[in-house]
Amino acid sequence: MLLGMSACARDKAVKADDQPKATSTTYLPTSLDEQPVPADAGPLPAIDANRAMQYVKEIVAFGPRPIGSPNHKKLEEYIYAHLKGDQVEDDAFTADTPEGKFPVRNIIAKFPGTRDGIIVIAGHYDTNYPLRNTAYVGANDGGSSTAILLEIANQLRGKKRDGYSIWLVWTDGEEAIKRWSASDSLYGTKHLAEKWEKDKTLKNIKAFLLADMIGDADLNIDRDTNSTPWLASVVYQAATRLGYQSHFFARTIAIEDDHLPFVQRGVPCLDLIDLDYGYGNVFHHTPQDTTDKLSPKSLQIVGDVILETVQMLDKMK
Ligand SMILES: [Zn+2]
């Protein structure tokens, strides 16, 4: 993913003569207060964060996992092995890239609900292509998103869903092959969004939640201006119910990621991403992106907030 050129730091600076007010919401961007969301009295979600962390370690052990590589194929098989008995489909095609043709495969697991409509929870599983011949293993960038989706599948499996259907999507070909641009990036989701537009699936998607780089021990989920404001509001309220709101939305930036092809087609989207991985994002796309920088607690926070968000969306009009 890429930080937009329009990125800025804080929402607004406090004027020197303006004392902070003693209300609980002064630090919030105003648009987060616009959408009233019904309070959720349901059970608090609790993913198994140690199991999710174990998945990250096993995924990283395959080595670099760029599209077209044998390690990528091994990871595909690993994901399928963890979805045995689930309703699984794929969206496989050949992508044209600046380095030639590559096989790309989005993997989709469907958990049907009682309510008409779909909530998509997505995250990419491929790793950076230009770093394929280095020690780069993408523990956070690629590993954490793959693992959190596997753990969310564990939480959904075997339970009756009294709400929207949930489709988990392990997206592929998120990373650029040469240099990030509109054409050289997001190969998998561009294909999937186009396919779902043609077969009319898109109009049935109530929300598209994306997780990317969510394992950083120092977790600060950015507020992405390309995402949908009302959905950010729901996510923030979900985080607040769980007591995790201090990890959310301190910084506002524009992020280019797998949600864009869906944003462009009018689907409500929210990118859950911490793009400050190491001071000044120094671990991002370097061989320093290893499991020792991650924390099960961060996986817990993001996994639980996603599930709480789903519970809230289930109840919304
Ligand atoms: Zn990346």
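Scoring rules and cut-offs
Residues numbered from 1 in each chain as written. Predicted model: local features only at pLDDT ≥ 70, side-chain atom pairs only at ≥ 80, totals over all residues. Heavy atoms only, no water. Donors = N, O, S within 2.8 Å, 3.2 Å for Na, K, Ca; no water. Tetrahedral: all angles 85-135°; square planar, octahedral: opposite > 155°, others 65-115°. Helix = DSSP H or I, 4+ residues; strand = E, 2+ residues; numbered from the N terminus. Buried < 20%, exposed > 50% of the residue type's maximum accessible area, 1.4 Å probe, protein only. Core = buried A, V, L, I, M, F, W, Y, C linked by side-chain atoms within 4.5 Å. Contact = heavy atoms within 4.5 Å. Pairing = 2+ DSSP bridges. Axes fitted to C-alpha atoms, helices over the stretch in contact; angles between N-to-C directions. Phe/Tyr/Trp six-rings, centres within 6.5 Å; stacked < 30°, edge-to-face > 60°. Lys NZ or Arg CZ within 6 Å of the ring centre and 35° of its normal. 1 Å grid on protein atoms, 1.4 Å probe; cavity = no way out; pocket = protein on both sides within 12 Å on 5 of 7 lines; lining within 4 Å. Points joined across faces, edges and corners; volume = space filled by probe spheres on them. Nonpolar A, V, L, I, M, F, W, Y, C, P; charged D, E, K, R; others polar. Polar contact = N/O pair within 3.5 Å; in protein donor to acceptor, adjacent residues only side chain to side chain. Salt bridge = Lys/Arg side-chain N within 4 Å of Asp/Glu carboxyl O.

*Asks:* How would you explain the coordination of the zinc ion if you had to name every residue and give the values?
*Replies:* The coordination sphere of the zinc ion, as far as protein atoms go, consists of Asp141 (OD), Glu175 (OE), Glu175 (OE) and His285 (NE2), spread over 1.9 to 2.7 Å. Considering all four donor atoms around the zinc ion, the spread of angles at the metal, 52 to 150°, places the coordination shape in the irregular class. One chain supplies every donor for the zinc ion, spaced along it as D-x33-E-x109-H. Placement of aspartate 141 in helix 3 (residues 139-156) and of histidine 285 in the loop between strand 10 (269-273) and helix 7 (296-315) is noted, with a sequence separation of 144 residues between them. A residue is classified by how much of its surface remains accessible, and aspartate 141, at 0% relative accessible area, is buried.

*Asks:* Break down the nonpolar core for me, citing the residues and quoting the values.
*Replies:* Burial of nonpolar side chains together is a common tendency in soluble globular proteins. Ile121, Leu168, Trp170, Leu209, Phe248 and Val305 are the most contacted members of the largest nonpolar core, which totals 71 residues. Looking at this core element by element, the count peaks at nine residues for helix 7. When residues no more than four places from it in sequence are discounted, the contact partners of valine 305 are Val235, Ala238, Ala239, Leu242, Tyr244 and Phe248. Membership of the second largest hydrophobic core comes to 16 residues, among which are Trp167, Leu210, Val267 and Cys269.

*Asks:* Before we move on, can you summarise the sheet that holds strand 10 with the specific residues and values?
*Replies:* Pairing is mixed in the open sheet, where six strands are placed in the order 2-3-5-4-6-10. Of all strands in the sheet, those with a lone pairing partner are strand 2 (87-97) and strand 10, marking the two edges. Each strand of the sheet is rotated relative to its neighbour by a mean of 20°, with strand direction disregarded. In terms of strand pairing, strand 4 (residues 113-124) meets strand 6 (residues 205-212) through five bridges, oriented parallel.

*Asks:* Which residues make up the packing of aromatic side chains, and what are the values?
*Replies:* This model, assessed by the stated rule, comprises eight aromatic pairs. With a centroid separation of 5.8 Å and 85° between ring planes, the pair formed by phenylalanine 248 and phenylalanine 249 is classed as edge-to-face. With respect to class, phenylalanine 248 is no different from phenylalanine 249; both count as buried. Among the aromatic residues, those joined into a cluster by ring pairs are Trp167, Trp196, Phe208 and Phe262. Residue placement shows lysine 110 over the ring face of tryptophan 167; its charged tip is 4.0 Å from the ring centre. The ring centre of phenylalanine 283 lies 4.9 Å from the NZ or CZ of lysine 293, which sits over that ring.

*Asks:* Break down the layout of surface pockets for me, citing the residues and quoting the values.
*Replies:* Roughly 390 Å³ of internal volume is contained in the second largest pocket. Lining of the second largest pocket is provided by 16 residues; of these, Leu156, Lys159, Arg161, Leu307 and Gln311 occupy positions nearest its centre. Examining the composition of the lining of the second largest pocket, we find that five residues originate from one element, helix 7, more than from any other. A per-class count over the lining of the second largest pocket returns eight nonpolar, two polar and six charged.

*Asks:* Help me get a handle on unusual backbone geometry, residues and values and all.
*Replies:* In this structure, lysine 200 takes a positive phi of about 70° despite not being glycine. Inspection of the secondary structure assignment puts lysine 200 in the loop between helix 4 (187-198) and strand 6. With phi around 65°, asparagine 281 is a residue other than glycine that occupies positive phi space. Of note, asparagine 281 is situated in the loop between strand 10 and helix 7.

*Asks:* For the side chain of serine 227, give the residues involved together with the corresponding values.
*Replies:* Within the element layout of this structure, serine 227 appears in the loop between strand 7 (221-224) and helix 5 (229-241). Serine 227 sits in the buried class, given a relative accessible area of 7%. Only 2.7 Å separates the side chain of serine 227 from the side chain of aspartate 224, close enough to count as a polar contact. Only 3.0 Å separates the side chain of serine 227 from the backbone nitrogen of aspartate 271, close enough to count as a polar contact. Excluding residues that lie within four positions of it along the chain, serine 227 makes contacts with His259, Cys269, Leu270 and Asp271.

*Asks:* Go over the pattern of salt bridges, please, and point to the residues and values.
*Replies:* Note that side chains of opposite charge can pair when their charged atoms are close. Taken as a whole, this structure holds 18 salt bridges when the rule is applied. Glutamate 99 serves as the salt-bridge partner of lysine 178, at 3.7 Å between the closest nitrogen and oxygen. In this pair, lysine 178 is assigned in the loop between strand 5 (161-171) and helix 4 and glutamate 99 in the loop between strand 2 and strand 3 (100-111), connecting sequence segments 79 residues apart. In this structure glutamate 99 comes out as partly exposed when scored by relative accessible area, which is 38%. Ionic pairing is found between lysine 293 and aspartate 292, a salt bridge with its closest N-O pair at 3.2 Å. Using a relative accessible area of 17% as the deciding quantity, one classes lysine 293 as buried.

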